[in-house]
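# Results of the structural survey
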Number of protein chains: 2
Amino acid sequence: MSKRPIRVIQWGCGLMGQIMIRYLRDKGAELVGAIDRNAARRGLDAGEVARLDRPLGVRIRHPEEADAVFREARADVCILCTRSTMPELVDSLKLAAHHGVNAITIGEEAFYPWTTSKALTEELDRLARSSDCTLTGSGFQDVFWGNLIAVLAGSTQRITRIQGLTRYNADDYGSALAQKHGIGLDPETFAARIGASNAPSYVWNSNEWLCARLGWRVRDIRQQLLPTTHTEALRSTSLDREIPAGHATGMKAVVVVETHEGPVIETHCEGKLYAPGEVDLNEWTLQGEPETTVTIRKPATPELTCATVVNRLPQLLAAPPGFITTDRLDMAPHVTRLEVAA
Amino acid sequence: MSKRPIRVIQWGCGLMGQIMIRYLRDKGAELVGAIDRNAARRGLDAGEVARLDRPLGVRIRHPEEADAVFREARADVCILCTRSTMPELVDSLKLAAHHGVNAITIGEEAFYPWTTSKALTEELDRLARSSDCTLTGSGFQDVFWGNLIAVLAGSTQRITRIQGLTRYNADDYGSALAQKHGIGLDPETFAARIGASNAPSYVWNSNEWLCARLGWRVRDIRQQLLPTTHTEALRSTSLDREIPAGHATGMKAVVVVETHEGPVIETHCEGKLYAPGEVDLNEWTLQGEPETTVTIRKPATPELTCATVVNRLPQLLAAPPGFITTDRLDMAPHVTRLEVAA
């Protein structure tokens, strides 16, 4: 059977989008459109922005022109690396569905948005069914907060509790993220500005995904946003200042899920300034019979995020229409060529 | 749809079989037969041997009576916890297939026996197809040397090499295993008695499974059996003697696979006496873009082995007929009830 490259629109050409463009090229996909809202990238060649060795002949266009990009590109799929939440993503996903183009986003809420953005997700699901395309969310969490745990669950007789810890350096992603994590705030200000928020954190959605994957029904889910602190002063590069001992070095989101079936999932997601010796970490313990702890030290989060999405593309093209969260698909396969039947 | 318990024959009622019997009971399966060659267990109730709180009303019978057990039991599946290699397992697997009963074994070679026991496996495959049942191998390696790596491969852009290390205490499984691992031999005797063997070690088969799972074709596979040593004397409990410094404390099997697609898999499987501070370990690194290391400290190997097999049962009953190695199935799900449509 003859094959042709998968045709991709990359929407969002920042740090993640650039890795994505490189990975797509290396696996033989064809970039047929590129969209970014950053004025500095407008009109530039997507290959040059992604620092490939040669231009791709695809100019980056502004989101205002997105409709034209979709109309002209005849794409199989659009990869969205723009924002985190469903309200922020919905217009782009609708546009893709409107053009009958499959879409996959690394926006964290989209990984399992069925309860946190119920109405929006159901609307997108209907739209995608009616235009025969598939919408989904994936990324780091798809493997490291998701299928990695599911595969260990398959080797476990009885699960009473799943305890997850994921930690990243909140100083690595610029001052906006550092501020969003409350870095530098004294405890009272942190409690008022950050701790009082009830926006679901990333692991809220991934814990719901895990329940769906393991066949558990959520009975109760709750979240706390706590400051992380250190006993000595730490310097923030992104904020370019010293954070006094006892002030917030970042934020820890603790999400606890209780299920009708009994097992509890408690996940700690820490984004903070690192004290000497601290590194990125992803560690999960399945308690019950027997108990198993899996540790991934220093996961390369951005690269793992992009590789997972790229490996998901052939599955996405073959999936049933609708908003299909990846708990309903097999684990992402390791794909070497991004091709589809011609 | 009405459901009934899965009906199971447990063949092999030693350490592993006893855990299996307990796990089956806890998930609602019905034990309908038990076979063991150990004269001391003959005629005993399988539930009592497995130290359940009450007898199961199933007497353990000798392998000579296996045909009668199969004839009377009307089982859905037979779980085999007897021996390691295909020549040792073939008669039991044939008997199950002859009776049209699905079978799953923890015999390590059966995990992927297509090249190491080609003729036997193809014969069993034909037999199982003709009697419409499924035969397979599973156990610890199914997850920890298999799908755990496959799930990480799905988050990796490009794999150049997979490096695995798995370590167990060779003093924990009795004197026969300790001797088979050459514990106590001086280096020359080890080389002559153990190192010269060309029997495929466990990770030979699991590395071939991994290639099949990842879509790679084996170009070359080779194995070395090396002594492990320690700088000080260590005491062997199973052999009840002191092992001098520099003598073999156990065996390390190193299996290297080269593939036509490029990636190399190198696995070190160490079974040895532990020096102070050493524990069971399962650690794999995927090298390429990016690099990821996964660590499982102190895996509960026997329990994980049995839980994986038990979780595989519903899939096995639904699988196509033949010798179906688990590289062709989805990851083992986490199952809570062992039931089948009535």
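Basis of the calculations
Residues numbered from 1 in each chain as written. Chains lettered and ligands numbered in written order. Predicted model: local features only at pLDDT ≥ 70, side-chain atom pairs only at ≥ 80, totals over all residues. Helix = DSSP H or I, 4+ residues; strand = E, 2+ residues; numbered from the N terminus. Rg over C-alpha atoms; globule rule 2.2 N^0.38 Å. Buried ≥ 20, exposed ≤ 12 C-beta atoms within 10 Å, placed from the backbone. Contact = placed C-beta atoms within 7 Å. Domains from an automatic or database assignment. Nonpolar A, V, L, I, M, F, W, Y, C, P; charged D, E, K, R; others polar. Core = buried A, V, L, I, M, F, W, Y, C linked by C-beta atoms within 7 Å. Pairing = 2+ DSSP bridges. Axes fitted to C-alpha atoms, helices over the stretch in contact; angles between N-to-C directions. Least-squares fit on C-alpha atoms with pLDDT ≥ 70 in both.

## Comments concerning the overall build of chain A
On a plain count of helices and strands, chain A comes out with 10 helices and 17 strands. The C-alpha radius of gyration of chain A comes to 20 Å, within 12% of the 20 Å expected for a compact globule of 342 residues. Along the first, second and third principal axes, the C-alpha atoms of chain A reach 60 × 50 × 35 Å. When each of the 342 residues of chain A is scored for burial, the buried share is 51%. For chain A, long-range pairs separated by at least 24 residues make up 74% of all intrachain contacts whose partners lie at least 6 apart in sequence.

## A look at the domain arrangement of chain A
Residues and elements named next belong to chain A. We note that the domain assignment places domain 1 (3-140 + 302-341) and domain 2 (157-289) within chain A. Relative placement of domain 1 and domain 2: their C-alpha centres are 27 Å apart. The residue makeup of the side of domain 1 that touches domain 2, split by class, is 3 nonpolar, 3 polar and 3 charged.

## A few points about the nonpolar core
Membership of the largest hydrophobic core comes to 204 residues, with the highest contact counts inside it found for M20(A), V77(A), M20(B) and V77(B). Setting aside its immediate chain neighbours within four residues, V77(A) contacts I6(A), V8(A), V101(A), N102(A), A103(A), I104(A), L313(A), L316(A) and L317(A).

## Considerations on the interface of chain A and chain B
Listed per partner, the contact involves 35 residues of chain A and 35 residues of chain B. Elements represented by at least two residues in the side of chain A that touches chain B include exactly helix 6 (140-153), strand 15 (292-297) and helix 10 (301-318) of chain A. Of the residues that constitute the side of chain A that touches chain B, the class distribution is 20 nonpolar, 11 polar and 4 charged. Alignment of strand 15 of chain A against strand 15 (residues 292-297) of chain B, held across 3 bridges, turns out to be antiparallel. Bridge pairing links T295(A) to T295(B) in strand 15 of chain B.

## Comments concerning the sheet that holds strand 4 (residues 60-61) of chain B
Residues and elements named next belong to chain B. The 7 strands are arranged 4-3-2-5-6-7-16 in an open sheet whose pairing can be described as parallel. Looking at the sheet topology across the chains shown, the edges are occupied by strand 4 and strand 16 (322-323). Helix-sheet contacts for helix 1 (residues 15-26) involve strand 2 (7-11), strand 3 (30-35) and strand 5 (77-80), and the interaxial angle to strand 2 is about 165°. Strands strand 5, strand 6 (102-105) and strand 7 (134-137) of the sheet are contacted by helix 10 (residues 301-318), whose axis makes an angle of about 150° with strand 6.

## Re the relation of the copies chain A and chain B
The two copies are related by a screw operation: chain A maps onto chain B through 180° of rotation and 0.0 Å of translation along the axis, at an RMSD of 0.0 Å. Here the copies are linked by what is in effect a two-fold axis. Residue T295(A) of chain A places its C-alpha closer to the rotation axis than any other residue of that unit, at 2.6 Å. Of all interface residues in chain A, 100% are interface residues in chain B too; the two copies therefore contact each other through one and the same surface.

## As for the sheet that holds strand 2 (residues 7-11) of chain A
Consider a sheet: its strands pair through backbone hydrogen bonds, and that pairing is either parallel or antiparallel. Residues and elements named next belong to chain A. One open sheet holds the 7 strands; their spatial order is 4-3-2-5-6-7-16, and the pairing between them is parallel. Both outer strands of the open sheet, strand 4 (60-61) and strand 16 (322-323), are each paired with one neighbouring strand and no more. Bridge count between strand 7 (residues 134-137) and strand 16: 2 bridges; the pairing is parallel. Across the sheet, T134 pairs through a bridge with G322, a residue of strand 16. The strands that helix 10 touches are strand 5 (77-80), strand 6 (102-105) and strand 7; relative to strand 6, the one it contacts most, it runs at about 150°.

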